[in-house]
Amino acid sequence: MNSKCMDMSFHEIFDTVYEALKLPFKNFVNPTKRIHYLYLVSTLVLALYVYYRSKTRQNFFKFLFHKKVWFSKSAWIDYKIIFFNSFVKVLLIAPFLIFGLYISYHVNEYLMRTFGYESIKLSVTETLIYYTIALTIIGDFFSFFIHYLMHRIPFLWEFHKIHHSATSLNPLTQYRLHPIELLLNNAKNIIVFGVVTGVFDYLSNHQIEKITFLGVNAFSFIFLAWGANLRHSHVKLTYFNFLEYIFISPFQHQIHHSNNPEHFDKNMGSKLAIWDWMFGTLIRSKSVKNRKVEFGLGLGDDKNYNTFWKNILMPFYNLFQKVTKSFKYKKETAFTKE
Ligand SMILES: [Zn+2]
Ligand SMILES: [Zn+2]
C-alpha cells in the first residue's frame with residue numbers, strides 16, 4: 001500500500017517535471033505563441049529588411065546572432081526564468097484555466113436571467129467577426145492597463161522590474177517575467193476571456209460552442225507575423241510615423257526598455273498604441289535621436305538584478321524593506337508626538 005502511494009507520487013512528480021520541461025519547446029509549434037517557427041521565419045525576413053536599410057557592414061548572421069545578445073549574462077537569466085516559470089505554469093496556472101469557462105457560463109446565465117432568452121441573435125459569421133474584434137481590443141486594453149498599473153503602483157513595479165532588468169533583449173526576453181506578474185497576467189486573461197466569451201455566447205444564442213476557437217485569430221496572426229519577435233531584440237524596426245499612433249512598432253517597445261529616465265513609463269501598449277496616445281504615454285520612434293537606446297533599469301539599479309535569484313527574490317526583499325521602514329517611521333513620529 002505504502003509503496004503504491006510512493007509510486008503514485010513519484011509518477012506525479014515525474015509527470016509534472018516532464019510537462020514543465022516540455023513547455024518552453026512546445027511554444028515553437030504553438031501558433032498562438034510568438035516564437036512559433038513560422039513567425040520566426042517572418043521575423044527573419046523583417047530583420048533582413050532592417051539590416052539592408054541600416055547599411056551595416058557586419059555580416060548578417062553576426063548582426064542577428066551576436067553573442068552579446070544571445071549569450072549575455074542578462075540572456076542567461078532570461079532562459080533560467082523561462083524554465084522556472086514553466087513549473088509555475090504547470091503547477092499554479094494550468095489548473096485554473098478552466099475558470100475562464102466558469103466565468104463565461106455565469107456571465108451567460110446572468111444575461112439570460114436579466115434580459116431573457118429571446119435576444120439579438122448573431123449569425124455564426126457575425127459572431128466570429130465581432131467576438132474576435134472584441135476579444136482583441138478589450139484584451140489589448142486590459143494588457144495595457146495592467147502594464148500601466150505595474151509601472152505606476154510601487155508594489156507592482158517591484159515585480160515588473162524583472163522584465164526591465166534585462167540589459168540585452170532577445171525574443172525570449174518576452175517571457176522574462178516574475179512569477180507574480182505571470183500569475184496576474186494569467187488571471188487577467190482568464191477574466192477577460194470569460195466575460196467576453198460569456199457575452200458573445202449569449203448574443204449568438206450559444207453558437208459560440210459551434211465555433212471551434214481557432215486558437216489564433218486573424219488579428220493576432222498579423223501581429224505575431226509582423227515582427228512581434230523584434231520587440232525584444234536589437235533590430236530597430238519602426239513603422240510610418242502616423243502608424244505608430246495606432247500600432248506599437250518593435251522599436252517603440254525597445255524604447256519602453258530604455259534605461260534613459262526620459263523614456264521611463266512610456267509605450268506600455270501591447271499591440272495597439274492608441275491607449276498610450278490616450279493616456280499621454282506615447283513616444284514615437286522618430287523622437288529618439290539616432291535611434292539610440294540602451295536597455296535596463298538605469299539609475300545604477302541593474303547590478304541589483306544581475307543573477308537569476310536576485311531577480312526572483314529582490315521584489316520580496318525590497319517590499320520587506322519598505323514595510324519595515326514605514327513601521328519605523330510611524331514609531332518614530334508617534335514617539336516625537338508624545
Ligand atoms: Zn518588454
Ligand atoms: Zn514595462
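Report follows, based on the coordinates. (Residues numbered from 1 in each chain as written. Chains lettered and ligands numbered in written order. Predicted model: local features only at pLDDT ≥ 70, side-chain atom pairs only at ≥ 80, totals over all residues. Heavy atoms only, no water.)

Digging into the overall build of the protein
Short version of the rule: Strands here are runs of E lasting at least two residues and helices are runs of H or I lasting at least four, both read from the DSSP assignment and numbered beginning at the N terminus. Relative accessibility decides the category of a residue: with a 1.4 Å probe and only protein chains considered, values under 20% of the type maximum give buried, values over 50% give exposed, and everything between is partly exposed. A contact between two residues is defined here by any heavy atoms of the two lying within 4.5 Å. In these tables, accessible area is a Shrake-Rupley quantity obtained with a 1.4 Å probe, and a residue counts as shielded only by the protein chains included in the view.
The helix and strand tally for the protein stands at 13 helices and 0 strands. Considering only C-alpha atoms, the protein reaches an extent of 65 × 60 × 60 Å along its principal axes. Burial analysis of the protein (338 residues in total) assigns 42% to the buried set. Contacts spanning at least 24 positions in sequence make up 74% of the contacts within the protein whose residues lie at least 6 apart. Counting only carbon and sulfur atoms, one obtains 68% of the accessible surface of the protein, whose full area is about 20000 Å².

A look at the packing of helix 7 (residues 124-152) against helix 9 (residues 179-203)
When two helices pack together, their arrangement is given by the angle between the helix axes and by the axis-to-axis distance. Note the following rule: Here an angle of 0 to 180 degrees is reported between the N-to-C directions of two axes, which are lines fitted to C-alpha atoms, with helices fitted over the stretch in contact. Note on terminology: angles under 35 degrees are roughly parallel, angles over 145 are roughly antiparallel, angles of 65 to 115 are roughly perpendicular, and the others are oblique. A clockwise turn of the near helix away from the far one marks a right-handed crossing, whereas an anticlockwise turn of less than a right angle marks a left-handed crossing. Here the term charged refers only to Asp, Glu, Lys and Arg, the term nonpolar to Ala, Val, Leu, Ile, Met, Phe, Trp, Tyr, Cys and Pro, and the term polar to all other amino acids, Gly among them.
Where helix 7 contacts helix 9, the two axes come as close as 10 Å, and the packing angle between them is 150 degrees. One element, helix 7, and the other, helix 9, form an angle in the roughly antiparallel class. Here the hand of the crossing between helix 7 and helix 9 comes out right-handed. Side by side, helix 7 and helix 9 meet where Thr-127, Tyr-130, Tyr-131, Ala-134, Leu-135, Ile-138, Gly-139, Phe-142, Ser-143, Ile-146 and Met-150 of the first sit next to Glu-181, Leu-184, Asn-185, Lys-188, Val-192, Phe-193, Val-196, Thr-197 and Phe-200 of the second. Residues of the contact of helix 7 with helix 9, tallied by class, amount to 13 nonpolar, 5 polar and 2 charged.

Focus on the nonpolar core
Using the following cut-off: Residues belong to one nonpolar core when they are buried, are Ala, Val, Leu, Ile, Met, Phe, Trp, Tyr or Cys, and are joined through side-chain atoms within 4.5 Å.
Among the nonpolar cores identified, the biggest contains 10 residues, and these are Leu-46, Ala-47, Val-50, Tyr-51, Phe-63, Leu-64, Leu-230, Val-235, Leu-237 and Tyr-239. Going through the elements one at a time, helix 2 (37-54) and helix 3 (60-64) are the ones with two or more residues in this core. Element by element, the count of residues in this core is highest for helix 2, at 4 residues. Each residue touching Ala-47, except ones within four places of it in the same chain, is listed here: Phe-60, Phe-63, Leu-64, Leu-230 and Val-235.

Regarding the environment of Pro-179
Checked against the element boundaries, Pro-179 lands in helix 9. Looking at Pro-179, the relative accessible area reads 11%, which means it is buried. It is 14 Å that separates the C-alpha atoms of Pro-179 and Ala-20, two residues lying 159 residues apart in sequence. Discounting chain neighbours no more than four positions away, the residues touching Pro-179 are Phe-84, Asn-85, Val-88 and Ile-312.

Observations concerning the layout of surface pockets
How we decide: Any residue with an atom within 4 Å of a point lines the site, the site being either a cavity, points on a 1 Å grid over the protein atoms alone where a 1.4 Å probe fits but cannot get out, or a pocket, an open set with protein on both sides within 12 Å along at least 5 of 7 lines. Grid points are joined across faces, edges and corners, and a volume is the space filled by probe spheres set on the points.
Of the voids in this model, the second largest pocket is the one considered here, and its volume is about 1500 Å³. As for the second largest pocket, its lining consists of 47 residues, and the residues nearest its centre are Val-235, Lys-236, Leu-237, Thr-238 and Pro-250. Counting only elements with at least two residues in the lining of the second largest pocket, the list comes to helix 2, helix 3, helix 4 (67-70), helix 7, helix 10 (218-225) and helix 11 (250-256). The element contributing the most residues to the lining of the second largest pocket is helix 2, with 5 residues. Classifying every residue of the lining of the second largest pocket gives 24 nonpolar, 13 polar and 10 charged.

Purely geometric stuff here, so don't read any function into it on its own.
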